[in-house]
Number of protein chains: 6
Amino acid sequence: MMRSFLPLSGMDVPRFAGLPSFMRLPFLGLEDWAGVEIGIIGVPWDGGTTNRPGARHGPRQLRDASTMIRVLNQATGVRPFHTANCADLGDVPVNPADLMDSLARIKAFYDDVKARGIVPMSAGGDHLVTLPILRGLASEGAPLGLIHYDAHTDFYDSYFGGFAYTHGTPFRRAVEEGLLDPKRIVQIGIRGTAYDGEDVEFARSIGVRIFMIEEVMDKGADAVMAEARAIVGDQPTYVSFDIDGIDPSQAPGTGTPEIGGLLTHMAQRMVRQLDGLNLVGADLVEVSPPFDPSGGTAWVGVNIMFELLCVLSGAVAARRA
Amino acid sequence: MMRSFLPLSGMDVPRFAGLPSFMRLPFLGLEDWAGVEIGIIGVPWDGGTTNRPGARHGPRQLRDASTMIRVLNQATGVRPFHTANCADLGDVPVNPADLMDSLARIKAFYDDVKARGIVPMSAGGDHLVTLPILRGLASEGAPLGLIHYDAHTDFYDSYFGGFAYTHGTPFRRAVEEGLLDPKRIVQIGIRGTAYDGEDVEFARSIGVRIFMIEEVMDKGADAVMAEARAIVGDQPTYVSFDIDGIDPSQAPGTGTPEIGGLLTHMAQRMVRQLDGLNLVGADLVEVSPPFDPSGGTAWVGVNIMFELLCVLSGAVAARRA
Amino acid sequence: MMRSFLPLSGMDVPRFAGLPSFMRLPFLGLEDWAGVEIGIIGVPWDGGTTNRPGARHGPRQLRDASTMIRVLNQATGVRPFHTANCADLGDVPVNPADLMDSLARIKAFYDDVKARGIVPMSAGGDHLVTLPILRGLASEGAPLGLIHYDAHTDFYDSYFGGFAYTHGTPFRRAVEEGLLDPKRIVQIGIRGTAYDGEDVEFARSIGVRIFMIEEVMDKGADAVMAEARAIVGDQPTYVSFDIDGIDPSQAPGTGTPEIGGLLTHMAQRMVRQLDGLNLVGADLVEVSPPFDPSGGTAWVGVNIMFELLCVLSGAVAARRA
Amino acid sequence: MMRSFLPLSGMDVPRFAGLPSFMRLPFLGLEDWAGVEIGIIGVPWDGGTTNRPGARHGPRQLRDASTMIRVLNQATGVRPFHTANCADLGDVPVNPADLMDSLARIKAFYDDVKARGIVPMSAGGDHLVTLPILRGLASEGAPLGLIHYDAHTDFYDSYFGGFAYTHGTPFRRAVEEGLLDPKRIVQIGIRGTAYDGEDVEFARSIGVRIFMIEEVMDKGADAVMAEARAIVGDQPTYVSFDIDGIDPSQAPGTGTPEIGGLLTHMAQRMVRQLDGLNLVGADLVEVSPPFDPSGGTAWVGVNIMFELLCVLSGAVAARRA
Amino acid sequence: MMRSFLPLSGMDVPRFAGLPSFMRLPFLGLEDWAGVEIGIIGVPWDGGTTNRPGARHGPRQLRDASTMIRVLNQATGVRPFHTANCADLGDVPVNPADLMDSLARIKAFYDDVKARGIVPMSAGGDHLVTLPILRGLASEGAPLGLIHYDAHTDFYDSYFGGFAYTHGTPFRRAVEEGLLDPKRIVQIGIRGTAYDGEDVEFARSIGVRIFMIEEVMDKGADAVMAEARAIVGDQPTYVSFDIDGIDPSQAPGTGTPEIGGLLTHMAQRMVRQLDGLNLVGADLVEVSPPFDPSGGTAWVGVNIMFELLCVLSGAVAARRA
Amino acid sequence: MMRSFLPLSGMDVPRFAGLPSFMRLPFLGLEDWAGVEIGIIGVPWDGGTTNRPGARHGPRQLRDASTMIRVLNQATGVRPFHTANCADLGDVPVNPADLMDSLARIKAFYDDVKARGIVPMSAGGDHLVTLPILRGLASEGAPLGLIHYDAHTDFYDSYFGGFAYTHGTPFRRAVEEGLLDPKRIVQIGIRGTAYDGEDVEFARSIGVRIFMIEEVMDKGADAVMAEARAIVGDQPTYVSFDIDGIDPSQAPGTGTPEIGGLLTHMAQRMVRQLDGLNLVGADLVEVSPPFDPSGGTAWVGVNIMFELLCVLSGAVAARRA
């Protein structure tokens with residue numbers, strides 16, 4: 001392949017110059033996706049948000065912050081952009097005022113992504129976007145596994161008198177629709193106050209493994225991830241990282257913060273231990289710039305995205321080999 | 001009437017103490033509305049927002065800021081809380097994830113308000129909320145007049161491929177539905193870049209009087225208001241004030257700011273000249289706290305609300321007499 | 001009892017709607033306190049602050065943030081609002097310009113609270129407010145125990161040439177006045193630079209157990225709390241939580257931050273271990289909104305208040321049984 | 001006189017370097033005041049504030065901002081530091097927790113200033129500080145004239161049930177104490193809502209000339225100042241500038257903002273027309289940094305201070321001649 | 001020409017989606033400039049800043065804000081993107097740590113721009129970038145005219161003991177180098193304190209027409225622009241707009257704000273009156289995002305850029321005809 | 001010695017009053033340095049910054065924050081101002097627009113400091129300032145040891161095509177110039193993405209001991225410091241603390257944050273274990289106020305400076321003895 005998929009270096013052009021594509025990678029329109037192995041995609045939509053909106057602005061701020069990312073992961077030695085061809089595939093053209101239309105638009109986009117064999121690394125948007133992404137990625141009769149970092153299970157049934165689609169319900173729907181195998185779902189970092197606990201009871205009743213934050217703090221990252229890896233096994237697995245899994249002191253810019261969360265060094269350590277799994281995609285959601293005066297949340301978010309890219313690139317290379 | 005509708009005074013209890021009801025007035029549940037002449041109502045909803053959301057948080061921040069309002073308008077001598085019985089009627093219970101359901105809930109609330117003969121002073125929310133408010137207030141076959149302060153006409157036809165309900169379309173819909181009489185609509189302060197000008201052409205074609213900001217600056221507040229008063233006459237008239245009518249240096253906390261806008265002293269002067277009109281309700285919309293680091297926008301907003309209350313109280317007293 | 005003391009649910013009405021009472025509980029005037037077991041009370045006063053003021057604005061911001069609290073503590077299973085009747089009793093009507101008058105007004109309010117058998121969960125205000133609260137709660141000849149989370153001992157003698165009442169002196173005064181039993185006082189998290197160390201020396205000389213932050217970090221939450229529980233025993237005990245006990249990265253909005261503090265998950269763990277003690281009241285003080293651009297401090301504060309409510313509700317239920 | 005009273009130039013040492021004394025002038029302890037003609041003095045105290053505190057932090061932020069001031073007034077040609085010997089005399093050592101003690105400390109400081117023949121240019125602090133300043137400056141039986149820019153009259157009688165000393169009462173007290181001649185008091189820019197209007201009625205009844213903002217906007221700066229100059233005449237006159245006289249879009253960092261205020265270019269023009277009056281001192285009060293995220297209020301404040309220095313230096317030179 | 005130079009519409013794809021090129025125009029690399037008539041160019045460099053840095057971040061924030069610009073100027077009826085082919089040509093690859101190298105890089109970039117007959121609309125960066133832009137654009141022996149909106153003359157000779165290149169000196173250098181004809185230079189909005197006045201004296205001595213802000217306020221926009229148009233005549237003229245020409249309440253995000261400045265509606269009116277002049281380029285400089293908590297300065301900046309594009313597009317069309 | 005080197009106490013004068021010298025110590029001009037043992041010095045310069053500037057404003061904000069420091073280190077019992085004579089020696093007079101000139105000016109200042117036997121505690125400024133400081137302090141043929149806390153090695157060779165002096169290169173230069181002994185360099189906290197890893201490889205190849213953050217987290221502060229102490233031994237050693245060594249949640253105000261960093265309590269613990277080493281100076285660099293909305297970074301910075309002062313004062317006392 002002739003063209004380069006390497007980012008522009010900050011040694012050559014200052015990081016504050018130029019258009020902010022994700023990680024300073026090439027920005028490619030649909031007609032130009034040939035050769036791409038991992039596509040970074042924005043889903044600027046927050047129509048499922050029940051309280052504080054703003055995650056629609058996440059992709060742009062994440063792209064901006066991502067221009068400070070360099071190419072080498074010093075902790076693991078991985079160079080993801082050298083390991084797999086990565087590109088910025090732009091944003092899904094959503095409809096901010098129509099929820100059902102937006103879900104359809106997002107699914108259609110990921111149908112395309114899947115059809116071309118591209119592994120998506122998505123940036124939300126609120127957590128409801130994971131539902132149409134999974135609709136695009138999961139094959140009939142082959143539900144995916146899920147490793148899910150979050151403060152909330154997002155396994156609620158409905159809100160406001162029976163409304164089924166909010167950012168608190170995507171995984172309930174995904175299991176109902178056969179997109180996810182509940183016995184291969186692991187949720188890590190759950191905490192905070194709850195409406196009634198029905199979400200947790202339901203999830204556990206169908207086989208979901210929930211690590212409440214207290215268990216994570218007591219056992220440590222390595223033990224948690226060892227169990228998580230065993231649960232999802234070597235079958236196709238998706239990773240969903242809600243930024244509110246991180247403690248709000250490190251990620252204030254999100255709609256539903258819960259105190260007492262994961263610290264970033266622990267989160268990085270856990271994501272690195274996804275290495276070797278059969279990963280088919282990942283997302284980082286719920287970064288909401290209007291609630292972050294300093295912009296630090298997006299910076300945490302892109303660092304998590306970089307760690308996810310590192311393990312995704314390994315999975316791509318392994319399948320390619 | 002026995003009970004008091006006067007605000008708690010900052011001379012007695014500090015302004016930062018206590019629950020922040022609008023203007024420190026009594027906060028009344030539906031069962032308790034008897035005797036109320038003007039109801040201040042929050043409509044915490046921004047589902048019609050096409051770009052930067054956050055106006056759903058407007059009513060709460062407006063209430064907080066409103067605790068700094070006192071009882072006497074020094075410029076006009078009006079004491080609105082003494083002139084008419086005012087109370088805080090709470091917020092309409094909207095559904096943040098379902099647009100059509102929310103429009104229905106808002107209309108139903110204002111049906112109640114109208115049925116009890118209460119004049120509503122509403123606080124948005126985005127500008128689409130004015131549509132269901134008008135649906136509640138306007139009587140069959142008796143379209144209302146409108147004096148509308150804004151940077152935008154909100155007369156667009158549709159967005160995103162035919163979507164009819166956004167905060168850019170309420171007045172197009174309201175005219176189509178016979179809620180407003182286009183020949184008695186006055187728009188003041190329109191400016192900024194435009195998609196194509198079709199909104200302005202359409203509005204003018206049906207008789208709407210649009211004062212672009214340049215005309216306002218050239219003619220001055222008094223001339224503009226004299227003409228506006230003549231246009232709406234003595235028939236029932238509604239007032240809608242979009243905070244983005246004000247210059248963004250004075251009201252940055254809004255989703256669609258346009259530079260070169262009305263300064264507050266000019267806006268105050270124009271609102272005071274609504275005195276004597278046959279006003280049946282008013283709203284102040286589009287205050288979006290997440291985009292206002294200092295909170296000053298809400299403070300501007302509640303001062304405009306206070307000026308609107310002063311002229312509304314006069315209209316109530318006049319009709320009572 | 002017929003009336004409900006349960007919060008309004010965010011599943012029914014969005015969390016950003018409605019007046020922000022504490023935890024969305026009923027807001028009750030003095031005439032309406034019958035049946036209340038735990039009263040949440042604001043004390044919006046910071047006249048004892050020697051450096052950066054603003055804690056007078058704490059109660060309002062805490063109420064606003066508290067609308068994001070739900071009913072179930074997922075870590076412990078406690079549902080405090082179901083365990084005991086809780087209500088928002090409003091703010092003490094302080095005098096911001098007169099220190100001695102304010103101390104008298106606060107004491108009088110808590111005399112009432114105590115007379116009605118209500119357990120107070122207070123929200124400051126600066127730390128001097130704990131002194132008049134204790135004057136109201138403590139009975140003649142029956143000094144209370146105290147578990148006190150803070151960066152500072154607040155055991156100073158005087159400031160500015162002999163001035164006895166500041167937010168650095170309340171516990172010195174409380175011991176002198178016989179409100180607290182020094183041998184049953186435990187202070188946790190003390191750190192930072194000091195004027196001269198006299199406060200610590202004095203406190204230790206009368207039997208106070210001080211856990212400097214280094215000891216807390218070395219021994220861990222469980223060991224600290226085991227010793228603290230043993231010290232206060234089963235006699236009546238008050239809990240005072242100064243938000244500056246928390247690390248300033250998690251609670252920047254306070255007047256006297258000290259780095260190297262408690263992280264929230266550790267604080268939550270320690271407060272949960274107050275369960276089973278004979279608690280007669282608690283406060284959370286020194287949240288100062290003007291120094292918190294993101295509002296996160298109030299969110300930490302209300303989560304601590306929720307944890308305190310959980311253990312207070314247990315104590316109420318135990319005494320009721 | 002040998003030593004220099006000129007500021008450090010930004011052409012020589014960058015403006016962000018060095019300790020921020022007022023205008024980069026020499027900072028002089030009491031023992032070193034010889035030769036000073038105009039003393040710039042901080043009064044970091046806000047104990048009279050009835051709502052939002054923070055003006056105690058004003059002097060430090062004003063000093064910081066003042067390092068961007070240069071030596072020449074381009075509009076008038078005045079070079080105040082060349083016209084009179086100016087120096088930074090430091091801050092009055094106030095007591096933040098004791099109001100009456102602080103009033104006494106401030107008066108004592110200004111007794112010293114007056115005794116040495118120094119003209120004070122003070123930076124508050126809340127507006128109550130003007131009272132003890134006037135106690136220091138006014139001579140027995142020789143009440144001063146006053147030109148007062150403000151949104152509020154500060155002529156209230158008392159707060160919170162008879163409390164006489166707040167930032168809303170200084171001029172009532174000053175007239176009662178014979179420090180000011182009410183017939184030579186001019187107030188400019190008054191506006192906003194009022195408690196009951198008693199302050200305005202009282203002030204007018206004793207001869208105070210109040211220019212409400214509407215009159216200022218209608219007549220213009222020149223006409224207002226011509227009348228103001230005629231009223232105070234050539235007798236000794238003090239100038240008090242409350243930053244909330246300026247519109248809150250230009251000066252958000254203050255405790256009691258009122259919309260529709262003076263714009264800075266109008267304020268500059270009015271202050272310049274104080275030239276030639278028999279000025280004996282001036283103050284700039286109510287800058288409250290915690291309420292100003294961008295710091296712009298202090299920058300407005302120091303520019304007003306610079307304009308005041310220009311006219312003060314002219315008065316000093318005239319009396320010297 | 002086949003390809004489109006029209007912006008992506010917010011009616012089709014939400015304004016917060018996609019990469020933020022200037023005005024949502026095509027972003028073109030050097031190899032792709034054919035057909036471009038007006039090139040929008042970022043110059044992200046602030047190495048000439050003597051006090052508060054940050055203008056290097058201007059182009060990115062301006063691009064982000066520019067996604068809210070639509071295609072029609074409602075005040076003038078101009079549609080600049082239809083009138084001339086506009087594109088985003090990216091950022092000049094500067095060297096943040098080497099001033100002289102950066103000046104050379106910028107000049108080289110504009111040599112290319114001029115060689116291709118493209119009219120540049122540039123976005124700074126600090127004001128020193130105008131010097132190398134002019135070096136690229138001005139032809140030997142044919143100095144340009146200049147209309148310059150600013151709070152400062154930028155006609156200083158040197159700083160810090162003889163240093164010749166800072167953002168306070170570009171026009172002194174440009175005249176010395178024969179790039180500008182001093183008799184055709186007009187400066188509008190000059191104000192604030194000055195070092196010594198030598199800059200103004202020098203500029204006037206060589207024929208520069210300086211409108212101090214007081215003269216602008218007294219005469220009004222139309223009179224000022226009529227004289228300015230007469231001075232530059234029909235010869236080639238450049239326009240340089242320093243955002244600090246605008247009042248800091250409307251444009252706080254800049255390094256050297258001066259109070260009492262132009263209001264935006266006046267600035268818009270003046271820029272519109274550049275219509276019909278023989279314009280060869282324009283820039284908007286000194287937007288410094290780190291000093292603007294709300295981002296409003298960039299929004300003002302891109303609106304000024306849009307007005308400049310409107311008149312530039314007219315000049316392009318006129319020369320094309 | 002007669003004069004006092006003790007800070008002004010907050011018990012006597014409130015902390016917000018007075019000029020903000022470092023730690024409220026005497027501020028001494030060059031002519032007045034006699035008797036000083038430790039000089040606190042600002043180096044307000046950021047000309048070596050390759051991405052986000054602003055560290056030039058660090059010294060002023062650090063001084064302001066430092067007024068909240070008291071005299072006793074409660075964790076160690078050290079009273080540094082009593083142990084050694086400390087004073088604020090002001091800022092080095094740098095040239096913001098000329099890099100090489102600034103390096104020369106800084107070196108000259110530290111030549112003076114060294115000549116007078118003063119141990120410098122410096123506050124940056126960006127990290128390039130450490131190079132000219134070391135040029136001033138290191139003696140010919142006697143390279144210093146270094147303990148360096150940072151997220152980055154700052155061992156890069158060059159930027160932007162061969163440019164040798166940026167804040168990413170100081171230690172490469174310092175080793176080349178014989179100022180540091182590479183075998184006695186310890187770097188602690190290195191992390192984040194990297195350009196290519198050449199810096200780490202080079203540093204290790206010449207004997208530098210690098211503790212990546214993962215090793216620090218795994219081994220703990222005590223083990224790391226024990227090894228670090230053994231490496232530098234009892235020979236003269238310098239300490240350089242880049243604030244970005246701290247996690248960005250605790251120190252957001254810096255130009256190049258990297259997530260997953262040191263928490264403050266760990267940093268404090270490590271700095272305290274420098275006690276007993278033969279320390280000849282220290283610095284705290286890269287605090288950049290424009291990127292810190294809450295000011296907390298400077299507060300962390302001055303606390304680290306205080307801990308460094310404690311160990312420096314011990315070294316001074318030891319050498320004095």
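First, a word on what this report is: a plain description of the structure on this page. Only a predicted model underlies this, so the values are computations on that prediction, with no experimental measurement involved.

Least-squares fitting of chain F to chain D yields an RMSD of 0.0 Å, with the superposition described by an axial translation of 0.0 Å and a rotation of 180 degrees. Both chain copies can therefore be described as sitting about a two-fold axis. Residue by residue, 100% of the interface of chain F is reproduced at the interface of chain D, so both copies engage with the same surface.

Bringing the pattern of salt bridges into the picture now. Taken as a whole and assessed by the stated rule, the structure comprises 126 salt bridges over all chains. A salt bridge links Arg 269 of chain C to Asp 218 of chain A; the shortest N-O distance between them is 3.1 Å. Of this pair, Arg 269 of chain C sits in helix H9 (residues 264-272) while Asp 218 of chain A sits in helix H7 (residues 213-219), on two different chains. For Arg 184 of chain C, the salt bridge goes to Asp 181 of chain C, with nearest N and O atoms at 4.0 Å. According to the relative accessible area criterion, Arg 184 of chain C is buried, its value standing at 10%. Overlapping salt bridges, with partners in common, bring together Asp 157, Arg 172, Arg 173, Glu 176 and Glu 198 of chain A in one network.

Every contact between the two is made by 22 residues of chain F and, on the other side, 22 residues of chain D. Together chain F and chain D conceal approximately 2,000 Å² of surface at their shared face, both sides included; 66% is due to carbon and sulfur atoms. Three residues, Phe 16, Leu 19 and Arg 60 of chain F, lead the burial of chain F against chain D; their summed loss comes to 46% of the area buried on that side. Across the chain F-chain D interface, the total number found is 2 salt bridges. Across the pair Arg 60 of chain D and Asp 64 of chain F runs a salt bridge, and its minimum N-O distance is 2.9 Å. Among the secondary structure elements, those contributing two or more residues to the side of chain F that touches chain D are helix H1 (58-66) and strand S3 (86-91) of chain F. The greatest single-element share of the side of chain F that touches chain D, amounting to 3 residues, is contributed by H1 of chain F. Per-class residue counts for the side of chain F that touches chain D are 11 nonpolar, 4 polar and 7 charged.

As a further point, take the interface of chain F and chain A. With 32 residues of chain F in contact, the opposing surface of chain A contributes 30 residues. Counting each side, the surface lost to burial between chain F and chain A is near 2,600 Å², with a carbon and sulfur contribution of 58%. When the area that chain F buries against chain A is broken down by residue, the three leading residues are Thr 193, Tyr 195 and Ile 259 of chain F, summing to 30%. Counting every contact that joins chain F to chain A gives 3 salt bridges. Its salt-bridge partner being Arg 70 of chain A, residue Glu 258 of chain F comes within 3.2 Å of it at the nearest N-O pair. Between the two partners, chain F and chain A, sit 14 residue pairs in polar contact (both at pLDDT 80 or more). Among the secondary structure elements, those contributing two or more residues to the side of chain F that touches chain A are strand S7 (193-194) and helix H7 (213-219) of chain F. The element contributing the most residues to the side of chain F that touches chain A is H7 of chain F, with 3 residues. Split into classes, the residues belonging to the side of chain F that touches chain A amount to 13 nonpolar, 12 polar and 7 charged. Alignment of strand S2 (residues 72-73) of chain A against S7 of chain F, held across 2 bridges, turns out to be antiparallel. Bridge pairing links Asn 73 of chain A to Thr 193 of chain F in S7 of chain F.

Right, let's talk about the packing of aromatic side chains for a bit. Under the defined criterion, the tally for this structure stands at 60 aromatic pairs over all chains. Taken together, the ring pairs in this structure connect Tyr 156, Tyr 159, Phe 160 and Tyr 195 of chain A into an aromatic cluster. Directly above the aromatic system of Tyr 195 of chain C lies the positively charged group of Arg 70 of chain F, at a separation of 5.2 Å from the ring centroid. Here the guanidinium or amino end of Arg 172 of chain F rests over the ring plane of Phe 202 of chain F, the centre of that ring lying 3.7 Å away.

This part covers the relation of the copies chain F and chain A. In screw terms, the move from chain F to chain A is a rotation of 120 degrees and a rise of 0.0 Å along the axis, fitting with an RMSD of 0.0 Å. Both chain copies can therefore be described as sitting about a three-fold axis. If distances are taken from each C-alpha of chain F to the rotation axis, the shortest is found for Ser 249 of chain F, at 3.4 Å. Mapped onto chain A, only 9% of the interface residues of chain F are again interface residues, and the two copies thus contact each other with different surfaces.

With that settled, the discussion passes to the sheet that holds strand S5 (residues 144-149) of chain C. Within a beta sheet, neighbouring strands are joined by backbone hydrogen bonds and run either parallel or antiparallel to one another. Residue and element names in this part refer to chain C. Spatial ordering of the open sheet is given by S3-S1-S4-S10-S9-S5-S6-S8, a layout of 8 strands whose pairing is parallel. One side of each edge strand has no neighbouring strand; the edge strands of this open sheet are strand S3 (86-91) and strand S8 (209-212). The sheet shows a mean angle of 15 degrees between the axes of neighbouring strands, taken without regard to direction. Direction of pairing for strand S6 (residues 180-190) relative to S8: parallel, over a ladder of 4 bridges. Bridge pairing in S8 places Gln 187 opposite Ile 210. The sheet contacts of helix H8 (residues 221-232) involve S5, S6, S8 and strand S9 (237-242), and relative to S6 the element is tilted by about 165 degrees. Where helix H10 (residues 296-320) meets the sheet, its contacts fall on strand S1 (38-43), S3, strand S4 (119-124), S9 and strand S10 (279-285), and the angle it forms with S10 comes to roughly 175 degrees.

All names here are of chain C. Mapped onto the fold, Ala 108 is located in helix H3 (residues 99-115). Overall, the relative accessible area of 41% leaves Ala 108 in the partly exposed class. Between the alpha carbons of Ala 108 and Leu 137 there is a distance of 10 Å; along the sequence they are 29 residues apart.

Our focus in this paragraph is the arrangement of the chains. In this view chain A stays clear of chain D, with the nearest C-alpha atoms of the two still 11 Å from each other. Without any contact between them, chain C and chain E keep their closest C-alpha atoms 10 Å apart.

Before going further, it helps to spend a moment on the packing of H8 of chain C against H9 of chain C. Residues and elements named next belong to chain C. It is the contact of H8 with H9, at a shortest axis distance of 9 Å, that shows an interaxial angle of 30 degrees. Relative to H9, the crossing made by H8 is right-handed. Contacts between H8 and H9 involve Ala 221, Asp 222, Val 224 and Met 225 from the first element and Met 266, Arg 269 and Met 270 from the second. In terms of residue class, the contact of H8 with H9 is built from 5 nonpolar, no polar and 2 charged.

Thresholds applied
- Residues numbered from 1 in each chain as written.
- Chains lettered and ligands numbered in written order.
- Predicted model: local features only at pLDDT ≥ 70, side-chain atom pairs only at ≥ 80, totals over all residues.
- Heavy atoms only, no water.
- Least-squares fit on C-alpha atoms with pLDDT ≥ 70 in both.
- Contact = heavy atoms within 4.5 Å.
- Salt bridge = Lys/Arg side-chain N within 4 Å of Asp/Glu carboxyl O.
- Helix = DSSP H or I, 4+ residues; strand = E, 2+ residues; numbered from the N terminus.
- Buried < 20%, exposed > 50% of the residue type's maximum accessible area, 1.4 Å probe, protein only.
- Buried area = accessible area lost by both parts, 1.4 Å probe.
- Nonpolar A, V, L, I, M, F, W, Y, C, P; charged D, E, K, R; others polar.
- Polar contact = N/O pair within 3.5 Å; in protein donor to acceptor, adjacent residues only side chain to side chain.
- Pairing = 2+ DSSP bridges.
- Phe/Tyr/Trp six-rings, centres within 6.5 Å; stacked < 30°, edge-to-face > 60°.
- Lys NZ or Arg CZ within 6 Å of the ring centre and 35° of its normal.
- Axes fitted to C-alpha atoms, helices over the stretch in contact; angles between N-to-C directions.
- Left-handed = near helix turned anticlockwise from the far one by under 90°.

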